[in-house]
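Observations on the three-dimensional arrangement
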Amino acid sequence: MNSENYLQGDSSEDRATSELLAMLSKRLKTTVRPEQDLFADGMINSMFALELVVQIENIFNVAVEGRDLDMANFRSVNAMANLVRRLAEK
Amino acid sequence: MTFSKELAEQCSFVDVLIGDQASEWDAQAKIPSDILRHLGARGLLCPQVPASVGGPGFDSLHAGEFTAHLGSRCSSIRSVMTSHGMAAWCIQKLADHDQRELYLPELTSGKLAAVGFTESGAGSDLSEMTTRISRHGKGATVDGHKVWVTGASYADFVIVFGRIENGAAAVVVPISSPGVRVEAITDALGCRAAGHANIYFDNVQVPADNILGHEAQSLPLIITTALSYGRISVAWGCVGILRACLAQATSHARTRRQFGKPLEQHQLIKRYLAELFVLEQSAAQLCEHASRSWDAGTPDTAIKAVLAKQVSARNAAQGSAMAVQVLASAGARGSDLVARAYRDSKLMEIIEGSTEICQLLLADHAMSLY
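All chains use their own residue numbering, which begins from 1 and follows the written sequence. To read the labels, note that chains go from A and ligands from 1, taken in the order they are written. For a predicted model such as this one, the threshold for reporting local features is a pLDDT of at least 70, and the threshold for listing and counting side-chain atom pairs is 80 or more; totals across whole chains, interfaces and linings nevertheless cover every residue.

**Notes on the overall build of chain A**
Looking only at helices and strands, chain A has four helices and zero strands in total. Helix numbers and strand numbers start at the N terminus; a helix is a DSSP run of H or I with at least 4 residues, a strand a run of E with at least 2. Listed by position from the N terminus, the elements making up chain A come as α-α-α-α. For chain A, the residues scored as buried account for 31% of the 90 residues in total. A pair of residues counts as a contact when their C-beta atoms, built from backbone coordinates, are separated by no more than 7 Å. Of the contacts formed within chain A by residues at least 6 apart in sequence, a portion of 59% connects residues at least 24 apart. Residues with at least 20 other C-beta atoms within 10 Å of their own are called buried, those with 12 or fewer are called exposed, and the rest are partly exposed. The C-beta atoms themselves are positioned from the backbone.

**A short note on the environment of Val147(B)**
Residues and elements named next belong to chain B. Residue position: Val147 is located in strand S3 (residues 139–149). Once the C-alpha coordinates of Val147 and Ala197 are considered, the two residues, 50 residues apart in sequence, prove to be 6.5 Å apart. With residues up to four places along the chain from it excluded, the contact list for Val147 reads Thr118, Glu119, Ser120 and Asn198.

**A closer look at the environment of Ser75(B)**
When you line up the elements, Ser75(B) lands in helix H5 (residues 75–94). It is 8.6 Å that separates the C-alpha atoms of Ser75(B) and Ala22(B), two residues lying 53 residues apart in sequence.

**So, the confidence of the model for chain A**
Residues and elements named next belong to chain A. Looking at any residue, its pLDDT shows the predictor's confidence there, from 0 to 100. Per-chain confidence: chain A averages 83 in pLDDT, with 86% of residues scoring 70 or above. Ranking the helices and strands of chain A by mean pLDDT puts helix H4 (residues 77–89) first, with 93, and helix H1 (residues 3–8) last, with 46. Note on residues 1–10: pLDDT is under 50 here. Beyond four places in sequence and across chains, it has nine contacts.

**Considerations on the nonpolar core**
Soluble globular proteins tend to bury their nonpolar side chains together. Residue and element names in this part refer to chain B. Put simply, a nonpolar core is a cluster of buried Ala, Val, Leu, Ile, Met, Phe, Trp, Tyr and Cys residues tied together by C-beta atoms within 7 Å. Among the nonpolar cores identified, the biggest contains 146 residues, and Cys90, Val158 and Val171 are the most heavily contacted of them. With 19 residues, the single largest contributor to this core is helix H7 (residues 219–255). When near neighbours in sequence (up to four residues on either side) are disregarded, Val158 contacts Ala113, Ala114, Val115, Gly116, Val149, Ala152, Val173, Ile175 and Ile199.

**Some points on the domain arrangement of chain B**
For interface size, the figure often reported is the accessible area lost on association. Residue and element names in this part refer to chain B. One can read the domain layout of chain B as domain 1 (5–107), domain 2 (113–214) and domain 3 (219–369). Between the C-alpha centres of domain 1 and domain 3 there is a distance of 20 Å. At the junction of the two partners, domain 1 supplies 22 residues and domain 3 supplies 26 residues. Breaking the side of domain 1 that touches domain 3 down by element, the ones donating at least two residues are helix H2 (22–28), helix H4 (60–73) and H5. Each domain's extent was defined by an automatic or database domain assignment.

**Regarding the interface of chain B and chain A**
If you look at the interface, chain B gives 18 residues, while chain A gives 16 residues. Sorting the residues of the side of chain B that touches chain A by element identifies H7, helix H9 (301–327) and helix H11 (355–369) of chain B as the ones contributing at least two each. The element that contributes the greatest number of residues to the side of chain B that touches chain A is H7(B), accounting for five residues.

Here it is in structure tokens:
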């Protein structure tokens, strides 16, 4: 998708979340809720988190680096959406 | 794959440099340091470092084919290369601009580096790491120990992972720093000349600027990233082991005669040769797959690296055992090529994620896919 349009939209908050939900649901072939703790449910380990890093970089045209490479940023769709919004503001 | 001219040239350089000395190095558990510095000065111990900082700038696929070639000649040197390459990769990933400009040209001009992850109480479970890095003004103190650091006996500096403040960090420690003690392991099962050592850090003082990226980082993702590089490197090295075994086994089968005909006409030997070929080809295909994925930056590169490492190490262990059977008494002395391959490949099933750890990662991946 076009990242610039995506970032300028009024409802970008919902759109970040819905993009991530769509990506994860497709990848995991199951419905994921925004607040769901993906660690607790055994869905994410460090290998999968790295996969998500690249997915997020590609979808949202951001760079996830340094301190942001933290498992906590991938704990839930809400956490990932927060990361995306923060990086988009950079 | 079509070898680029440069790759072919570098492979010939390696053949001349190593010659027939690998068995002797294995027996002595030591590689002459000028050999390693020669390779390092050409940037060949970290071939993926970009040309802008003095590296050869190979992509993963070409670096992989070179790694396999080096591994077919001497797994100990290939092991040093894996460690040095991981050090360079950690700097590429974690360092800031100034640190990259400072360290990477050193790593491509003959200085040797190693990476310390494992501790006596933190092997597969690196969350148990106890080495501490503490900052005070412009300085930092490193306390702790690392075990089985590949290449450490030859290294000028080691990249040490440890705990810092509320996270983890990697710090560049010159081996010559007061308080650093290197205890060489000279009786390793395999890759005996790879300079494995345990390193002890007792109140070691370094500039705080040696902390890569200058800040605390989160350990799991950083280590997984560094290990992905190491896994692809080890996997290609195992392809090299299999190619060396194939060359040796086919040559022996052609010339050695028993019961009035060459070994290659005996069906049970043919089966070994066929199996060896299948093991080499299947490992090489997965390595190529992982490297292409690395070069394209696809999301599942890390798991493809695990898959390549898992299959290549297992295939090398099985294939080298077959090569020993084919060579029989002609390859059964301590540092003979296939005897080395047999010992070296077993070690490859242990490092950079043991076969069992790789199985856990692959099982979780399978669970996420289906």
